[in-house]
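# Examination of the molecular architecture
So you can see what is in the structure, the chains are spelled out below.
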Amino acid sequence: QKEVEQDPGPLSVPEGAIVSLNCTYSNSAFQYFMWYRQYSRKGPELLMYTYSSGNKEDGRFTAQVDKSSKYISLFIRDSQPSDSATYLCAMSALGAGGSYIPTFGRGTSLIVHP
Amino acid sequence: EAGVTQFPSHSVIEKGQTVTLRCDPISGHDNLYWYRRVMGKEIKFLLHFVKESKQDESGMPNNRFLAERTGGTYSTLKVQPAELEDSGVYFCASSQDWGVGETQYFGPGTRLLVL
């Protein structure tokens, strides 16, 4: 079983839709949960992060963490064509080398069509 | 402010050859990370420098990979000799500090194809 599971999609939605992206994980030591956005031919860009269970909102984006279910979500409201990208979840725990190194999901490809 | 830059953007080499990838972190960032994404798989951590020292190299796949960061500025990742399974996208990231809440800024990656 992979440490982080994420459906690669693609997920295709019409402009204005609410998008729900999800990841599950198996390592209960993960403490820090992140969502990255990656446009084609670019590097991942940190969108949001959270430490604890619950919701965190930033504009049209809401990150949700449920540690009891080992499940995290990213919601995008009023989706726009410019939101079309690959969304990667990542989570980290203190590694053997003393660093908090993210463990990534495979990423979900999102297409928002006009 | 310039972001993380990587060179080259693409590299095509034959099995057995040597390739050197370069990463220039954001100015002032002491922490530099290398990651790799093999086709169809997740991005995986390779190693972490703090200034010129290797803080964590637990993700390096084998001794064909050598990373250096002389002077604590730019870093190079050498693959010698390259094998087919080394093909993928190599990302570099940098951060000012390191710890649970520190944001890592990623470069655009180097796409390596080993034939």
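Here, every reference points to the structure presented above.
This report concerns the structure included in the present document. (Residues numbered from 1 in each chain as written. Chains lettered and ligands numbered in written order. Predicted model: local features only at pLDDT ≥ 70, side-chain atom pairs only at ≥ 80, totals over all residues. Heavy atoms only, no water.)

### Quick word on the pairing of strand β6 (residues 53–56) of chain B
All names here are of chain B.
- Pairing of strand β5 (residues 43–50) with β6 involves three bridges; the strand directions are antiparallel. By the bridge assignment, F49 is partnered in β6 with K54.
- Linking β5 back to β6 in an antiparallel pair, the connection comprises two residues, with K51 at a positive phi of about 55°. (Pairing = 2+ DSSP bridges. Helix = DSSP H or I, 4+ residues; strand = E, 2+ residues; numbered from the N terminus.)

### Examining the state of the cysteines
- The final tally for this structure, using the stated rule, is two disulfides over all chains.
- A sulfur-sulfur separation of 2.0 Å characterises the disulfide bridge that pairs C23 of chain A with C89 of chain A. Where C23 of chain A bonds to C89 of chain A through sulfur, the torsion about that S-S bond is close to -100°, and the disulfide is left-handed. Remark: C89 of chain A occurs in strand β9 (residues 85–94) and C23 of chain A occurs in strand β3 (residues 19–25); sequence separation between them is 66 residues.
- Paired through a disulfide, C23 of chain B and C92 of chain B show a sulfur-sulfur distance of 1.8 Å. Between C23 of chain B and C92 of chain B the sulfur-sulfur dihedral comes to about -60°; the bridge is accordingly left-handed. Remark: C92 of chain B occurs in strand β9 (residues 88–95) and C23 of chain B occurs in strand β3 (residues 19–24); sequence separation between them is 69 residues.
- Residue class for C23 of chain B comes out buried when judged on its relative accessible area of 0%.
- A residue is classified by how much of its surface remains accessible, and C92 of chain B, at 0% relative accessible area, is buried. (Disulfide = S-S within 2.5 Å. Buried < 20%, exposed > 50% of the residue type's maximum accessible area, 1.4 Å probe, protein only.)

### A look at the interface of chain A and chain B
- Facing the 20 residues of chain A at the interface are 24 residues of chain B.
- Carbon and sulfur atoms supply 55% of the area that chain A and chain B bury against each other, a total of about 1900 Å² over both sides.
- Taken together, the links from chain A to chain B amount to zero salt bridges.
- On inspection of chain A and its partner chain B, the count reaches two residue pairs in polar contact (both at pLDDT 80 or more).
- Residue assignment for the side of chain A that touches chain B shows that the elements contributing at least two residues are β4 (32–38) and β10 (100–104) of chain A.
- With four residues, β10 of chain A is the single largest residue contributor to the side of chain A that touches chain B. (Contact = heavy atoms within 4.5 Å. Buried area = accessible area lost by both parts, 1.4 Å probe. Salt bridge = Lys/Arg side-chain N within 4 Å of Asp/Glu carboxyl O. Polar contact = N/O pair within 3.5 Å; in protein donor to acceptor, adjacent residues only side chain to side chain.)

### Quick word on the pattern of salt bridges
- One pass over the full model with this rule turns up seven salt bridges over all chains.
- Between R77 of chain A and E57 of chain A there is a salt bridge; the shortest N-O distance is 3.5 Å. Here E57 of chain A lies in strand β6 (residues 54–58) and R77 of chain A lies in the loop between β8 (71–76) and β9, a separation of 20 residues in the sequence.
- The exposure class of E57 of chain A is exposed, given its relative accessible area of 59%.
- Note that K15 of chain B is salt-bridged to E83 of chain B, the shortest N-O span being 4.0 Å. Here E83 of chain B lies in the loop between β8 (75–79) and β9 and K15 of chain B lies in the loop between β2 (10–13) and β3, a separation of 68 residues in the sequence.
- Residue classification places K15 of chain B among the exposed residues on the basis of a relative accessible area of 53%.
- The class of E83 of chain B is partly exposed, set by a relative accessible area of 22%.
- Each of the salt bridges in this network shares a partner with another, and the network as a whole consists of R36, R64 and D86 of chain B.

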